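# Observations on the model geometry
Read off the chains here:
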Amino acid sequence: MKGIVFTEFLEMVESKFGLETVDKIIERAELKTGGAYTSIGTYEFNEMLQLILNLSNEVNIPVDDLIHAFGIHFFEHLEKTHPNIFELYKNPMDFLNSVEGHIHVQVRKIYPGAELPTFEVTQRSSNSMEMIYTSQRALYKFAEALMLKTFEHFHTECTITYEKLNPEGTRVKFNIIHND
């Protein structure tokens, strides 16, 4: 997993829960890195899992809620650091439709070696979309948050529901309805 994900996660933890919490979740984890990350490095996903689980235990918030909150935080980071990505699209549905064929291509240019989930659009109309998320990391709540923030970025409303296609959450079907 790319280091930018780790550095942004720890930044979110610090901004929401304080530096002391960051120190606690790192100290309680068995991290090969010792919790020292650079945005351009690559680290084991297991370290992220340990940090998320430790944070959940520390602040008594469910893991899925923390992953969702991190997705919101990460989207805001992307808006600040890569605003040009959004300028290419007129609406959120076009943006989401382009994730696999354009957005992820650009991400891989910025972060070579990034292991990204796949998003297969299986149905699309002018105001709805069905998308299959696939990732061994099962961070579908992160993906959901990114989708919601995409609609917010374009100043439009949506309804997003999902169905796990397997118990682990490594394949999830999202149904997205553009409400405007």
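Let me sum up the structure you'll find in this document.

What counts and how
Per-chain numbering applies: the sequence of each chain, read as written, is numbered from 1 onward. Totals for whole chains, interfaces and linings use all residues, but because this is a predicted model, local features are given only for residues with pLDDT of at least 70 and pairs of side-chain atoms are given and counted only at 80 or more. To obtain the side-chain values, all non-hydrogen atoms of the structure were used and water was disregarded. Segments assigned H or I by DSSP are reported as helices when at least four residues long, segments assigned E as strands when at least two residues long, and all are numbered from the N terminus. The quantity called the radius of gyration is restricted to C-alpha atoms. Its globule counterpart is 2.2 Å times the number of residues to the power 0.38. Simply put, an axis is a line fit to the C-alpha atoms, just over the touching stretch for a helix, and the angle between two N-to-C directions goes from 0 to 180 degrees. Under this scheme an angle from 65 to 115 degrees is roughly perpendicular, one under 35 degrees roughly parallel, and one over 145 degrees roughly antiparallel; angles in between are oblique. Each crossing is labelled by how the near helix is turned from the far one, with a counterclockwise turn of less than a right angle marking it left-handed and a clockwise turn marking it right-handed. We call two residues in contact when some of their heavy atoms are within 4.5 Å. Residues are grouped as follows: Ala, Val, Leu, Ile, Met, Phe, Trp, Tyr, Cys and Pro are nonpolar; Asp, Glu, Lys and Arg are charged; all remaining types, including Gly, are polar. Being paired, for any two strands, means DSSP has found at least two bridges between them. Only protein chains enter the calculation, and the probe is 1.4 Å; a residue is then buried if its accessible area is under 20% of its type maximum, exposed if over 50%, and partly exposed in between. Each polar contact in these results corresponds to two N or O atoms within 3.5 Å; when the atoms are within protein, one needs to be able to donate a hydrogen and the other to accept it, and residues that are neighboring in sequence are counted only if both atoms are side-chain atoms. Arc definition: directions from the helix axis to the C-beta atoms.

## Quick look at the overall build of the chain
Helix and strand counts for the chain stand at eight helices and four strands. The linear arrangement of helices and strands in the chain, starting from the amino end, is α-α-α-α-α-α-α-β-β-α-β-β. Relative to the 2.2 N^0.38 estimate, which gives 16 Å for 180 residues, the radius of gyration of the chain is 16 Å and therefore close to what a compact globule would have. Its C-alpha atoms give the chain principal-axis dimensions of roughly 50 × 35 × 25 Å.

## Considerations on the packing of helix H2 (residues 19-28) against helix H3 (residues 45-59)
The angle between the axes and the distance between the axes are what describe a pair of packed helices. Their axes nearest at 9 Å, the elements H2 and H3 cross at an angle of 125 degrees. On the basis of the axis angle, H2 is oblique to H3. Relative to H3, the crossing made by H2 is right-handed. Each of Thr21, Lys24, Ile25, Ile26 and Arg28 in H2 lies in contact with H3, whose residues at this interface are Leu51, Asn54, Leu55, Glu58 and Val59. Split by residue class, the contact of H2 with H3 holds five nonpolar, two polar and three charged.

## Some thoughts on the pairing of strand S1 (residues 118-124)
Two faces, one strand: in a regular strand the side chains alternate between the faces of the sheet. Examined bridge by bridge, S1 and strand S2 (residues 128-134) share six bridges and lie antiparallel to one another. Across the sheet, residue Val121 finds its bridge partner in S2, namely Met131. The hairpin formed by S1 and S2 contains three residues between the paired strands.

## Concerning the pairing of strand S4 (residues 171-178)
The alternating pattern of S4 places Val172, Phe174, Ile176 and His178 on a buried face, while none of Arg171, Lys173, Asn175 and Ile177, on the opposite face, is buried. Both S2 and S4 contribute to a ladder of seven bridges, which runs antiparallel. Opposite Met131, over in S4, you have Phe174 as the bridge partner. One ladder, built from seven bridges, connects strand S3 (residues 158-164) with S4; its direction is antiparallel. Across the sheet, Tyr162 pairs through a bridge with Phe174, a residue of S4. Linking two consecutive strands that pair antiparallel, namely S3 and S4, is a turn of six residues; a positive phi of about 80 degrees is found at Gly169 within it.

## Some thoughts on the sheet that holds S2
As summarised here, the arrangement of the four strands in space is S1-S2-S4-S3, forming an open sheet in which the pairing is antiparallel. Two strands in the sheet have a free side with no partner beyond their single neighbour: S1 and S3. Sheet twist, expressed as the average angle between the axes of neighbouring strands with direction ignored, equals 20 degrees. Helix-sheet contacts for helix H8 (residues 140-153) involve S1, S2, S3 and S4, and the interaxial angle to S3 is about 165 degrees.

## Focus: the environment of His104
Note on placement: His104 falls in helix H7 (residues 99-110). Using a relative accessible area of 7% as the deciding quantity, one classes His104 as buried. The spatial distance from the C-alpha of His104 to the C-alpha of Ala114 is 9.2 Å, given a sequence separation of 10 residues. Non-local contacts of His104, meaning those with residues more than four positions away in its chain, are made with Val99, Leu116, Pro117 and Phe119. A polar side-chain atom of His104 sits 3.3 Å from the main-chain carbonyl oxygen of Pro117.

## Notes on H7
Taken together, the buried positions of H7 are Val99, Ile103 and His104. Seen along its axis, H7 keeps its buried residues to an arc of 90 degrees; they face one direction. Residues of H7 that are exposed and point more than 90 degrees away from the buried face comprise Gly101 and Lys109. Looking at the packing, one finds that the buried side of H7 touches helix H5 (84-87), helix H6 (92-97) and S1.

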